[in-house]
Amino acid sequence: MLPEPSVVCPVLIGRDAPLSAAFHTLDRARESHGSTLLVSGDAGIGKSRLIRATVARGRELGFVALEGACFEADRAQPYAPLLDLVRGLATTTSPALAAHYFSPAADALVTLFPELRSLFPAAIARDARDPEEDRRLLFHDVSEALLALSAVQPLLMVIEDVHWSDEATLDLLLHLSRRIGSAPIALVLTFRSDEVESRLARLLADLDRARGAAEVLLRPLGESDVAEMLQVIFGSMPTPGPSFVAALYALTEGNPFFVEEMLKALLVSGDLVRSDGAWRASPLEHVHVPRTATEAVARRLAGLSDGARAVASVAAVAGRRFDFAMVQALTGRDEAGLLVLMKELVAAQLVVEESADRFAFRHALTREAMRARLLTRERAALHRAIAALLGQQFDPATHEVEDALAYHAFEAGQWEVARTYARRAAEHALTLSAPREALQQFDRAVVATERLGAQPDADLLIARGRAHEIVGAFPQAHDDFTAALEAARAAGERRGVWGAQLALGMLWAARDYERAGEHRRAALTVARAIGDPALIARSLNRVGNWHVNREEPHAGLPYHDEALAIFEAGGDARGVAETVDLVAMTHHIAGAQATAGMHYERSIKLFRALDDRRGLSNALSVLAVSGPSHHASAGTVHESVHLADILDEERPIRIAMDIGWRAGEAFARAMLADCLAWRGDYPRALALARESLAIAEELQHLEWQCAARRALGLIALDVFAHAEALRQLEAAHDIARRLASATWTRWTGATLATGLARSGDAAGARAVLDEVQRLVPSTAGVASLAVSPDATRAALPTLGERALALARGLAALAAGDWEAALAVVGEGDVEQDTAGGIPCVLLVRAQALTGLARWADAHATLGAARREAERQGARPLAWRIEAAQGRVHLGLRRRVEARRAFDAARALAQALAEPLNEPALLDRFEIALAREAPASPSRSKAQTAKAAHGGLTKRERDAAALIADGLSNRAIARSLGIGERTVEGYVAAALAKLGFSSRAQIAVWASEQGLTVRASSTGRSRR
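What counts and what doesn't
Residues numbered from 1 in each chain as written. Predicted model: local features only at pLDDT ≥ 70, side-chain atom pairs only at ≥ 80, totals over all residues. Heavy atoms only, no water. Helix = DSSP H or I, 4+ residues; strand = E, 2+ residues; numbered from the N terminus. Contact = heavy atoms within 4.5 Å. Phe/Tyr/Trp six-rings, centres within 6.5 Å; stacked < 30°, edge-to-face > 60°. Buried < 20%, exposed > 50% of the residue type's maximum accessible area, 1.4 Å probe, protein only. Lys NZ or Arg CZ within 6 Å of the ring centre and 35° of its normal. Pairing = 2+ DSSP bridges. Polar contact = N/O pair within 3.5 Å; in protein donor to acceptor, adjacent residues only side chain to side chain. Axes fitted to C-alpha atoms, helices over the stretch in contact; angles between N-to-C directions. Salt bridge = Lys/Arg side-chain N within 4 Å of Asp/Glu carboxyl O. Parallel < 35°, antiparallel > 145°, perpendicular 65-115°, else oblique. Left-handed = near helix turned anticlockwise from the far one by under 90°. Nonpolar A, V, L, I, M, F, W, Y, C, P; charged D, E, K, R; others polar. Core = buried A, V, L, I, M, F, W, Y, C linked by side-chain atoms within 4.5 Å. pLDDT = per-residue confidence, 0-100. Expected span 1.5 Å × (residues − 1).

Chemist: What should I look at first to understand the environment of Ala750 in this one?
Modeler: Positionally, Ala750 belongs in helix 36 (residues 742-758). Spatially, the C-alpha atom of Ala750 lies 8.1 Å from that of Arg808, the residues being 58 residues apart in sequence. When sequence neighbours within four positions are dropped, the list of residues in contact with Ala750 reads Ala803, Leu804 and Ala807.

Chemist: Is there a simple way to explain the packing of aromatic side chains in this structure?
Modeler: Working definition: an aromatic ring pair is given by the centre-to-centre distance plus the angle between the planes. The final tally for this structure, using the stated rule, is 11 aromatic pairs. Measuring from centroid to centroid gives 6.2 Å for Phe322 and Phe359, while their planes differ by 15°, and the two rings are stacked. Linking Phe322 in strand 8 (residues 321-323) with Phe359 in strand 10 (residues 358-361), this pair joins segments that are 37 residues apart in sequence. Classification of Phe322 by relative accessible area gives buried; the value is 2%. Stacked on the ring of Trp546, the Lys or Arg Arg521 has its end atom at 4.6 Å from the ring centre.

Chemist: Which parts of the structure should I look at to understand the pairing of strand 1 (residues 35-41)?
Modeler: Along a regular strand, successive side chains alternate from one face of the sheet to the other. Burial within strand 1 is extensive, with seven of its seven residues counted as buried. The alternating pattern of strand 1 places Ser35, Leu37, Val39 and Gly41 on one face and Thr36, Leu38 and Ser40 on the opposite face, and all of these are buried. Across seven bridges, the pairing between strand 1 and strand 4 (residues 185-192) is parallel. Residue pairing in the sheet places Leu37 in a bridge with Val188 of strand 4. As paired strands, strand 1 and strand 5 (residues 213-217) are joined by five bridges and run parallel to one another. For Ser40, the partnering residue across the bridge sits in strand 5 and is Leu217.

Chemist: Explain the side chain of Thr751 to me, please; I cannot follow it from the model alone.
Modeler: Considering the arrangement of structural elements, one finds Thr751 in helix 36. The exposure class of Thr751 is buried, given its relative accessible area of 5%. A polar atom in the side chain of Thr751 sits 3.1 Å from the side chain of Arg710. The contact partners of Thr751, leaving out residues within four places of it in the chain, are Arg710, Leu714 and Leu729.

Chemist: I'm lost on the sheet that holds strand 3 (residues 155-160) in this one. Help?
Modeler: Ordered by their spatial adjacency, five strands build an open sheet running 2-3-4-1-5, and the pairing between neighbours is parallel. A strand with exactly one partner marks an edge of an open sheet, and here the two such strands are strand 2 (64-69) and strand 5. The average angle at which neighbouring strand axes cross in this sheet is 15°, direction not considered. Of the strands in this sheet, strand 1, strand 3 and strand 4 are in contact with helix 7 (residues 167-179), which crosses strand 4 at around 145°.

Chemist: Which parts of the structure should I look at to understand the pattern of salt bridges?
Modeler: When the charged atoms of two side chains with opposite charge come close together, those side chains can pair. This structure, assessed with the given rule, holds 52 salt bridges. Of the charged contacts in the structure, one is a salt bridge between Arg464 and Asp480, with a shortest N-O distance of 2.9 Å. Taken together, the residues span a long stretch of sequence, with Arg464 in helix 21 (residues 458-470) and Asp480 in helix 22 (residues 474-491) at a distance of 16 residues. You'll find Arg464 and Asp480 in the same group, each marked buried.

Chemist: Help me understand the packing of helix 23 (residues 494-508) against helix 25 (residues 533-549) in this model?
Modeler: When two helices pack together, their arrangement is given by the angle between their axes and by how far apart the axes lie. In contact at an axis separation of 11 Å, helix 23 and helix 25 are set at 20° when each is read in the N-to-C sense. Here helix 23 is positioned roughly parallel relative to helix 25, judged by the angle of their axes. Classified by chirality, the crossing of helix 25 by helix 23 is left-handed. Touching Arg495, Trp498, Leu502 and Met506 of helix 23 are Leu535, Arg538, Ser539 and Arg542, all from helix 25. Partitioning the contact of helix 23 with helix 25 into residue classes produces four nonpolar, one polar and three charged.

Chemist: Can you walk me through the nonpolar core in this structure?
Modeler: Nonpolar side chains in soluble globular proteins tend to be buried together. Trp704, Trp744 and Trp879 are the most contacted members of the largest nonpolar core, which has 81 residues in total. Broken down by element, this core gets its largest block of residues, 11 residues, from helix 32 (residues 662-679). Among the nonpolar cores identified, the runner-up in size contains 52 residues, and Leu89, Ile159, Ala168 and Leu170 belong to it.

Chemist: I would appreciate a short explanation of the environment of Ala590 in the present structure.
Modeler: Tracing the backbone through its elements, the reader meets Ala590 in helix 27 (residues 573-590). As a C-alpha pair, Ala590 and Pro553 span 37 residues in sequence and 5.7 Å in three-dimensional space. Leaving out residues up to four positions away in the same chain, Ala590 has contacts with Pro553, His554, Pro797, Thr798 and Leu799.

Chemist: Please explain unusual backbone geometry as it appears in this structure.
Modeler: A negative phi angle is the norm for most residues apart from glycine, just as the trans form is the norm for most peptide bonds. Even without a glycine there, the phi angle at Glu551 is positive, about 60°. Structurally, Glu551 can be placed in the loop between helix 25 and helix 26 (553-570). Non-glycine residue Asp611 carries a positive phi angle of around 55°. Looking at where Asp611 falls in the secondary structure, it is placed in the loop between helix 28 (593-610) and helix 29 (613-626). For Asp611, a relative accessible area of 57% translates into the label exposed.

Chemist: Would you explain the confidence of the model for the protein in this entry?
Modeler: Do not read the predicted coordinates in detail wherever pLDDT is low. Taken as a whole, the protein shows an average pLDDT of 85; of its residues, 91% reach a score of 70 or greater. Of the regions scoring below 50 in pLDDT, residues 830-836 engages in 18 contacts with residues more than four places distant in sequence or in other chains. Note on residues 1014-1023: pLDDT under 50 across the span, and 21 contacts to partners over four residues away in sequence or across chains.

Chemist: What exactly am I supposed to notice about helix 25 here?
Modeler: Given 3.6 residues to a turn, an α-helix orients residues that are three or four positions apart in the same direction. With 17 residues, helix 25 should reach 24 Å at 1.5 Å per residue; the first-to-last C-alpha distance of 24 Å fits that figure. For helix 25, the buried fraction is high: 14 of the 17 residues fall into the buried class. With a side-chain oxygen lying 2.9 Å from the backbone nitrogen of Ala534, the N-terminal cap of helix 25 falls on Asp532. Glu551 sits one or two positions beyond helix 25 and adopts a positive phi of about 60°.

Chemist: What exactly am I supposed to notice about the sheet that holds strand 10 here?
Modeler: What links the strands of a sheet is backbone hydrogen bonding, and the strands pair in either a parallel or an antiparallel sense. Reading across from one edge, 8-10-9 is the order of the three strands in this open sheet, with antiparallel pairing throughout. Only two strands of the sheet have a single partner each, and these edge strands are strand 8 and strand 9 (351-353). Across this sheet, the average inter-strand angle for adjacent strands is 30°, counted without regard to direction. Pairing analysis gives three bridges linking strand 8 to strand 10, with the strands arranged antiparallel. Directly across from Phe322, in strand 10, lies its bridge partner Phe359.

Right, here's the structure in full:
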C-alpha cells in the first residue's frame, strides 16, 4: 500500500502581492531605509508561511534573521520574545558573537532573564529602581545592541503573534520601530486581525500616526487557489474534481491551514481515498471536523455561560446562517433574554450579526465543530423541530424554504419529505444555473429514495447525471446515465430508455464521436417507436448534429429541418431555439458563414427570450468565430453587430462562469482566443487559450483541449515559435484522431500542415495532409478552392475541406511548386471567384504568382488581400501581405516602393510582438522577421554625412566650406585641384538641393553647419 501524501502544501499560493510587499521592505532595509511591516489575518491564513518565505529571502540577501514569537501564556511575561531573539542569534551564529553584539544590553537582559547568565557571565543584574527609568534604559540598551549588529550585517527581526504580547513588549516594539528609520533593519510583526485587543490597538494607532509601518492583510484564498493547492499536494494524480474543490472551499472559506487540516481529516476517516489512479472523495456535507478547529471552538466556548452555549448548539443545527425568530422558537426564550445571549456569542467571535433578524457563524468549521459536540439523537430532534417550523412556512407557489426543508428533513430521517423537497429544490437550482447546489439536493433525493427501500427512477438519475456533466464530472455523469438506462430497461420505461440514450450520446460527444453516434441513433429509434413528436424532434437534432461533427453538414441538415418543422408545429419555443442554433452550426461547418451568422443572430434572440443562458453562451461563442477568425480563415465571414461586444466584454465567458458551466467556459475561452489571435491581440488570446486548456484538462474534456491547443499553436506560429507551435498542434491533432471527429481531424490536420510548411518542412506537411485524407476522405472530393461558380451547394467544400486545401497550397509554396499552389487556390477574378474576399487565400495566390514572376497579377491580388485584411482587422495577415508586396516590388525593380513595403511590414509585425511579454515565444522572432521583411541596409559613413548635410556630396560640401571662407570659383578650383566649370556645377547643385538662390546663403548655411575651415597660406580648406 502506498503511503499517504503529505497534505502540507510545499509552495506559497495566492500570495504574490503580500510577498512583493515583504520583499520591498527587505530591499529598502538594505539601502538603510529601515521600516516596520505588519502582517495580519485570521488564524491559519498563512502568516507564518509568508514569514518563512520572507526570512528565506532575507538570508539570500545577506540579512541576519532574528525570530521571536509570543504565546497565549506570555501575556504575563514581559519581554518574552526578546529572549527568543538573543537565543536565536546564539544558535544561528555562535554564543560568543551573540554575547558580543548584545553586550550593550547584557545587564538588562540578565536582570530580565537569569537563564542568560551563561551567555553574559560578566553581566551584573540590576537592582530594582524606578520602573520608568529601568524601562528607558532597557529600551536604549536593546536598540543600541540591534543597531550595532545591523552596522555589520543587515538585520531582519520577526516577532510573530503579537496579539498575545504583553504591554511592555509592545512598547519596546514601538520604540524600535521609531529608532530603525535610518538603519538597515526590517522589523516584521504578525498578529491575528480578529484578536486585536486594546493594547495592540494602541500600538497600531501609534504606528499609523507616526507613519512608521506598512500593513499587509492576508485574505482568504480564492477557489482557484484552493484547486491549485490540491494539485500541488496530490501531484500528477487527478484530484477529486471541481465539485469537491467547491465544497472544500465553501467549508474552509479559503483558509489554507483549514484546507490542509480538512484533507488530513478526510484521509484519516477514509472519506478521501486513491482509486483507479485518481483521488476520490465522499460528499463533504458531513465531515470529520479537524481537531484544531474543535480545540479552537472549545477555547471560545469555555468562557461562555450555559445559556449561550445552549443557544449556540441550537443555532449550529439550524445552519451556517440562522434566523433570530427560529432560534427563539426552538429555545423558547423571550427576545430580551435571547439578545443578551446572542451578544455573548458575538463578543466571543463565534457569531456575527448580518442583519436585525439574521446571524451567521463566523466560520463554517466553527458551526461544524459545535454541531459535532451534540449527540446524534439531539441533532435529529432539533432537525425535526426545524423541519416542522419550515413546513408551516412553506408556500408551494415559491421556492423560498425548499432547500432548507429538504436538508432538515433529510437530517431528521424523514425520508419521504426529504425525497420530495430535495428533488424540487434540485430542479429549481438547475433553473437558476446552480449545478453544484442541485447536485447536493439530487444526492439527498437518491439516498432518501434508497432509505425508503426503493430504487431511484431513470428521470432522477438522468437529472443528477446532467448536473454532474455541467460541472465536468464525466465518470459520475456516465455512472448515472448508465444506471438510468438499466433502471428504465428493467422497468420497461421506454421514455427512460430514450432519455438515458440521449444523455449518453451528449456525454460521449466530448470524448468519442463514434460512441456518441451509437447512443444518439439508438435514442432516435426508441423515440420513433414511442411516436412522441417532441422526443422524435430532439433525437433528430442529436443525430443531425452528430453528422455535422463528422463534417457531413449536408447529411445532418435534413434531420434539423425535420426537427424544426416539428417544434414549430407544436409551438415549442425552446425546441425551436435549440434547433435554429444547430442549423447555424451546420452552416458554419459547411463553410457558409453568412448563413450561419444569420441563424445565430436568430438563436441569440430566442435564447434571450427564454433566459437560456447556456444556449446563449454557446451561440455567442460560435457567432464570434463565424466572423473574422482562424476558424473562418479559408471561407467568407459573417459581419455581426455583436462581435465587438462579444470580444470586448467576453460575454459568453462571463455567462458560462455565472451559471457554473465549466465546459462552456472552456469552449468560450478557446473560441474568443481564436478571434483575438486573428486580430493580433496576442496577450489576451494567449491568456484565454491557456485558461481554456487548464479547464479542459481538469474536466478531461478532449474536444476543448483540442480547440485550446490549436489556438495556442496558431499564436506560436504567428511569432515564428515553430517548435512550440508544432508541439501544440501535434497534441491537438492527436486528440482529434482519438476523438474520431472528422471536423477536428481536418481542422487540426490543416493547421499542423500549415505549421510544418511555414517551418520549411514541405514533405512533412504533405504527409499530414495525405494522412488526413485517408482518415476522413473528402465527401465532395475537393482538393482545391477553385470551385466552379455553378457548383451545387452540396458540392462546395466544407470549412475543414477549405482549410485542408489552403494548407495544401502552403505546402506547395514551401516546396517551390508555384503551379501546384496556384492550382489549389485558382487564379480567377479576384473579386468574383469563390476565393474572393478571403485574404489568406489571396495571399497564397499572390505568392504563387510571384514565384511565377507574374508581377502585375501578384500586385493586384495583394491589393485585394490588403483591403480585406484591413476590413477584418487581421493585423498578423496584414504585415505578411506587406512583406509579399515588397517582394513583388523588387521583382518590378521598384526598390523605393519595396523598401516602403518592407518597412511597413516590419513596423506592423513589431507592434504585434511588442505587448507580448513572452521571451520563450519571441526567441526567433527578429531573425525570422528579417528573413520575411529585410531591414534597411546600414548606411556608410559617406551616406550618413550626406544625409546629415542636406544631401550634399563630399565635394559639394567642400565647395560650400570654401565659399564660406570667401573664395571665388577660380580659387576653389585651384584649392580642390579641379576645373572651374566643375566648381560651378557643385555650386549649382548645392543651391538646388538646399533651395537657396545665392552664394551668400550657402556661406551662412556652411557656417551654421560647422563646415568652414579658414584657408591656410596655401589656400587649403577641408571638411
